[in-house]
Amino acid sequence: MNSRWLRALTAVAASLALVGLASPASSQPASMISSSPGTVAPSSDNPAVVDDGVWYLRTSKSTGMPQTQFRYGNPGDAPRMGDWDGDGLDTPGVVRGNTWYLRNSNTTGVADASFTYGNVGDLPVVGDWDGDGIDTPGVVRGNTWYLRNSNTTGVADIVFTYGHFWGDVPVIGDWDGDGVDTPGVGRGDMWHLRNSNSTGVADIQVNYGNYMDVPVPGDWDGDGIDTPGVVRANTWYLRNSNTTGVADITFTYGNTGDIPLSWQGD
Ligand SMILES: [Ca+2]
Ligand SMILES: [Ca+2]
Ligand SMILES: [Ca+2]
Ligand SMILES: [Ca+2]
């Protein structure tokens, strides 16, 4: 156990003692998960944190040590996780300036694909914009979204405006479970989610978290629908529906200041 995680776990023990029974980690009842013959319930997303180019992946939504740790990218890169090759495993990518470096395994090593997309200063986002099972890049510039359906240099396949020019925090998710990722924005304590990659009003509005939190949406219960999560210091508050309400799952993971991400392991 290295000192970083010893520190984190010590902090966790202290915070759990304070929290006590107020935030039980509830899990989805098994009856809620589809078990029809011939279909496999999608796996759920789990927490990851990145600290100065070191990635710490955990395979459950609970306090504890990372199961996987590796170095990828440099401090200052924008880290993202996605399924770049469609094999069901999310792996790292970093954006440096406007160059994307994608890797297809959760290990230290060189990029499997690199390309330029967007402009320096754009906010890089990642999603499966066409529902083919492969995550590809997008950038948000002001309130204009430029989405591309392949992991190569080229022009945007989809361009639209969504959200306010200033102050919104873009989030990505499959809010309706149709297999296509679409935009959302966090604005203060409100999430404004849209179910198509086009200009228009929010389809779903949820009050969750606050403006100081880092939004980390994910499919926490494996039902195919992405829902809000926020990280406050190193405490994760995850909700399993796109409705206003309290956290369904609460735990501490990583250290304050780490970059939190959601990822899917199979
Ligand atoms: Ca993959
Ligand atoms: Ca895709
Ligand atoms: Ca969708
Ligand atoms: Ca879900």
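Our structure is the block above this text.
Residues take numbers from 1 onward in each chain, read along the sequence in its written order. In the order they appear in the text, chains get letters beginning with A and ligands get numbers beginning with 1. Only residues with pLDDT of 70 or above have their local features reported here, since the model is predicted, and side-chain atom pairs are shown and tallied only from 80 upward, although totals for entire chains, interfaces and linings are computed over all residues.

A. Local environment of the overall build of the chain. A count of helical and extended segments in the chain gives one helix and 20 strands. Each residue is classed by its C-beta neighbour count within 10 Å, where at least 20 other C-beta atoms makes it buried, 12 or fewer makes it exposed, and intermediate counts make it partly exposed; the C-beta atoms are placed from backbone geometry. Looking at the chain as a whole, 39% of its 266 residues are labelled buried. Any residue pair is listed as a contact if its two C-beta atoms, each placed from the backbone, are within 7 Å. A separation of at least 24 residues holds for 40% of the contacts in the chain among residues at least 6 apart in sequence. We count a stretch as a helix when DSSP gives it H or I for four or more residues in a row; a strand needs E for two or more, and each element gets its number in order from the N terminus.

B. Structural view of the sheet that holds strand β6 (residues 99–102). Overall, antiparallel pairing links the four strands, which are arranged β4-β5-β6-β7 in an open sheet. Edge strands, defined here as strands with exactly one partner in the open sheet, are β4 (78–82) and β7 (113–116). On average, each strand axis in the sheet is inclined to that of its neighbour by 20°, with strand direction left out of account. Think of it this way: DSSP has to see at least two bridges between two strands before they count as a pair. One ladder, built from four bridges, connects strand β5 (residues 91–96) with β6; its direction is antiparallel. Note on definitions: angles span 0 to 180 degrees between N-to-C directions of axes, and those axes are lines fitted to C-alpha atoms, for helices only across the stretch in contact.

C. Just the sheet that holds strand β16 (residues 214–215), in detail. Reading across from one edge, β16-β17-β18-β19 is the order of the four strands in this open sheet, with antiparallel pairing throughout. Lying at the two open borders of the sheet, with one neighbouring strand each, are β16 and β19 (249–252). By the bridge criterion, four bridges tie strand β18 (residues 235–238) to β19 in an arrangement that is antiparallel. Opposite Thr-235, over in β19, you have Thr-252 as the bridge partner.

D. Looking closely at the pairing of β6. By the alternation rule, side chains of β6 split into Trp-100 and Leu-102, which are all buried, and Thr-99 and Tyr-101, of which none is buried. What sits between β5 and β6 in their antiparallel hairpin is a turn of two residues, with Gly-97 showing a positive phi close to 65°. Where β6 meets β7, four bridges bridge the pair, whose relative direction is antiparallel. Paired with Tyr-101 across the strands is Ser-114, a residue of β7.

E. Examining the environment of His-192 more closely. Position of His-192 relative to the elements: it lies in strand β14 (residues 190–193). Judged by the 20 C-beta atoms lying within 10 Å of it, His-192 falls in the buried class. Placed 30 residues apart in sequence, His-192 and Tyr-162 show a C-alpha to C-alpha distance of 9.8 Å. The contact partners of His-192, leaving out residues within four places of it in the chain, are Gly-184, Val-185, Arg-187, Ala-202 and Gln-205.

F. Structural context of unusual backbone geometry. Positioned with a positive phi, Asp-52 is a non-glycine residue whose angle comes to about 50°. Tracing the chain through its elements places Asp-52 in the loop between β1 (45–51) and β2 (54–57). Of the residues examined, Asp-52 has 13 C-beta atoms within 10 Å and is grouped as partly exposed. Despite not being glycine, Ala-233 has its phi angle at roughly 60°, a positive value. Within the fold, Ala-233 resides in the loop between β17 (229–232) and β18.

G. Structural context of the environment of Pro-228. Inspection of the secondary structure puts Pro-228 in the loop between β16 and β17. Separated by 21 residues in the primary sequence, Pro-228 and Asn-207 have C-alpha atoms spaced 9.7 Å apart. Setting aside residues up to four positions removed in sequence, Pro-228 forms contacts with Trp-191, Val-206, Tyr-208, Gly-209, Pro-215, Pro-217 and Arg-239.

H. Spatial organisation of the environment of Leu-123. Position of Leu-123 relative to the elements: it lies in strand β8 (residues 123–127). A tally of 15 C-beta atoms within 10 Å means that Leu-123 is categorised as partly exposed. Between the C-alpha atom of Leu-123 and that of Gly-142, which follows or precedes it by 19 residues, the distance is 8.9 Å. Apart from residues no more than four positions distant in its own chain, Leu-123 is found in contact with Val-139, Val-140 and Pro-170.

Don't take any of this as a statement about function, it's just geometry.
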